[in-house]
Amino acid sequence: MKNKRKRDIKKLKQGIYFLPNFFTTANLFAGCFSIINAINGNYNIAAISIFIAVFLDGMDGKIARVTNAVSNFGKDYDSLSDLVSFGVAPALLFYLWGNDHIFSSTLSWEKMAWLASFFYIASAALRLARFNNQLNLRYNAYFTGLPCPAAATLVSVSVWQCELMILAPKISFTVLMFSILASASMMVSKVPYYSFKDAQSTIRIPFSRTILVPLIFILILLEPPLILSVMAVLYFFSGPVYLVVGLMQKTIKSNFSSSQSNRSD
């Protein structure tokens, strides 16, 4: 353990990898920019800033792996940045939007909202701590629990939709509370979520299907709130669906094996 610590200190003295940490810093900047805009009441810009942070967070990990620039410093720096961008920023966006539009009518709503915000931030911190403890150089095909960027996206699109749509205060409050409590609970759960990091994601596809990539970007640019909301909701429910299907398959296989053993007897 002491030797490993000495090696880490020696590597840190030699310097850090610039490119992946540059994207991590950009991710942190986007999260801080989202917080400032939420405080100033620019909720649409705050939500978009979180989406940009999600994109940058995906880029820094890919660049680190491609350039073989994975380090303990980068891992810890990325987690601290993620806590700001995908923990504090979405929670403040949720609370400040509600405080501006809903909570003035009922004080009990405000108490529930800031407690839910704390629960979300604490869940994000626990999720990141668990991820760092489980992290190694071999990337699994599935995450344990909902990833923090996906949770932040779900909360942000919920606020964005409530900002665009004129809904009754109680309906907006219900939607926002569900999004933040559900995403926080799924972050600390053991539900598997596809990570898109395994070898299957690099399998070649027919050239005719490559048109799907620009088509997705076009749809997002044409109707960002709707498309991002659909993507966030589908990914959120993909974990529980995969878990239920896996349990059903195990049950069927177990029943089939027991029936086969009974027949052989």
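It should be emphasised that the depicted structure is a prediction, and the values quoted were computed from it without experimental measurement.

Rules used in this analysis
- Residue indices follow the written sequence of each chain, beginning from 1 at its first position.
- Since the coordinates come from a predicted model, pLDDT governs what is reported: local features require at least 70, and pairs of side-chain atoms require 80 or more to be given and counted, while whole-chain, interface and lining totals use all residues.
- The side-chain quantities take in all heavy atoms of the structure and omit both hydrogens and water.
- For the purposes of this entry, the term helix denotes a DSSP run of H or I that reaches at least four residues, the term strand denotes a run of E that reaches at least two, and both are numbered from the N terminus.
- Burial classes: relative accessible area under 20% of the type maximum marks a residue as buried, over 50% as exposed, and values in between as partly exposed (1.4 Å probe, protein chains only).
- Note on contacts: a residue pair qualifies if any of its non-hydrogen atoms lie within 4.5 Å across the two residues.
- Per-residue and other accessible areas follow the Shrake-Rupley method at a 1.4 Å probe size, with only the shown protein chains counted as cover for residues.
- Note on patches: the residues involved have over 30% relative accessible area and no salt bridge, like charges join within 9 Å, and the nonpolar side chains Val, Leu, Ile, Met, Phe, Trp and Tyr join within 5 Å.
- For this analysis, a salt bridge means a side-chain nitrogen from Lys or Arg found within 4 Å of a carboxyl oxygen belonging to Asp or Glu.
- Multiplying 1.5 Å by the helix residue count minus one yields the expected span of that helix.
- For helices, the fitted line uses only the C-alpha atoms of the stretch in contact; every axis is such a line through C-alpha atoms, and the angle between N-to-C directions lies from 0 to 180 degrees.
- Orientation labels follow simple angle bins: below 35 degrees gives roughly parallel, above 145 gives roughly antiparallel, 65 to 115 gives roughly perpendicular, and whatever is left gives oblique.
- Charged residues are taken to be Asp, Glu, Lys and Arg, nonpolar residues to be Ala, Val, Leu, Ile, Met, Phe, Trp, Tyr, Cys and Pro, and polar residues to be all remaining types, Gly included.
- Buried residues of nine kinds, namely Ala, Val, Leu, Ile, Met, Phe, Trp, Tyr and Cys, make up a nonpolar core once their side-chain atoms join them within 4.5 Å.
- The definition of a polar contact used here is a pair of N or O atoms within 3.5 Å, where within protein one atom must be able to donate a hydrogen and the other to accept one, and adjacent residues in sequence count solely through side-chain atom pairs.

### As for the overall build of the protein
In step 1: Per the secondary structure count, the protein includes 9 helices and 2 strands.
In step 2: Listing every helix and strand of the protein by position from the N terminus yields α-α-α-α-α-β-α-α-β-α-α.
In step 3: The buried share of the protein, reckoned over its 265 residues, is 37%.
In step 4: Sequence separation of at least 24 residues holds for 82% of the intrachain contacts in the protein that already meet a minimum separation of 6.
In step 5: Summed over all atoms, the accessible surface of the protein reaches about 16200 Å², with 69% contributed by carbon and sulfur.

### Structural notes on a nonpolar patch on the surface
In step 1: On the surface, Ile211, Leu212, Leu215, Ile218, Leu219 and Leu222 cluster together into a nonpolar patch covering about 580 Å² of accessible area.
In step 2: Residue position: Leu215 is located in helix α8 (residues 212–222).
In step 3: Relative accessible area serves as the criterion here: at 42%, Leu215 is assigned to the partly exposed category.

### Quick look at helix α7 (residues 169–187)
In step 1: Given a rise of 1.5 Å per residue, 19 residues ought to cover 27 Å, and the 27 Å separating the end C-alpha atoms of α7 matches this to within 8%.
In step 2: Restricting attention to buried positions, one finds in α7 the residues Ser172, Phe173, Leu176, Met177, Ser179, Ile180, Ala182, Ser183, Ala184, Met186 and Met187.

### Details of the packing of helix α6 (residues 148–164) against α7
Two numbers describe a pair of packed helices, the interaxial angle and the distance between the axes.
In step 1: With their axes 9 Å apart at the nearest point, α6 and α7 run at an angle of 180° to one another. Considering the angle they form, α6 stands roughly antiparallel to α7. Touching Cys148, Ala151, Leu154, Val155, Ser158, Val159 and Cys162 of α6 are Ser172, Val175, Leu176, Ser179, Ile180, Ser183 and Met187, all from α7.
In step 2: Residues that form the contact of α6 with α7 fall into these classes: 10 nonpolar, 4 polar and no charged.

### Observations concerning the nonpolar core
In step 1: Core analysis: the largest hydrophobic core is formed by 51 residues, its most contacted members being Leu93, Phe94, Tyr120, Leu146, Met187 and Tyr193.
In step 2: Elements represented by at least two residues in this core include exactly α2 (18–39), α3 (43–66), α4 (72–101), α5 (107–134), α6, α7 and α9 (224–264).
In step 3: Looking at this core, the element that brings in the most residues is α6, giving 10 residues.
In step 4: Apart from residues no more than four positions distant in its own chain, Leu146 is found in contact with Arg127, Ala151, Ser183, Met186, Met187, Tyr193, Tyr235 and Phe236.

### Focus: the side chain of Ser189
In step 1: Examined against the element boundaries, Ser189 turns out to sit in the loop between α7 and β2 (192–194).
In step 2: The exposure class of Ser189 is buried, given its relative accessible area of 15%.
In step 3: A distance of 2.7 Å separates the side chain of Ser189 from the backbone oxygen of Met186, its partner in a polar contact.
In step 4: With sequence-adjacent residues up to four places away left out, Ser189 is seen in contact with Arg130, Thr144 and Gly145.

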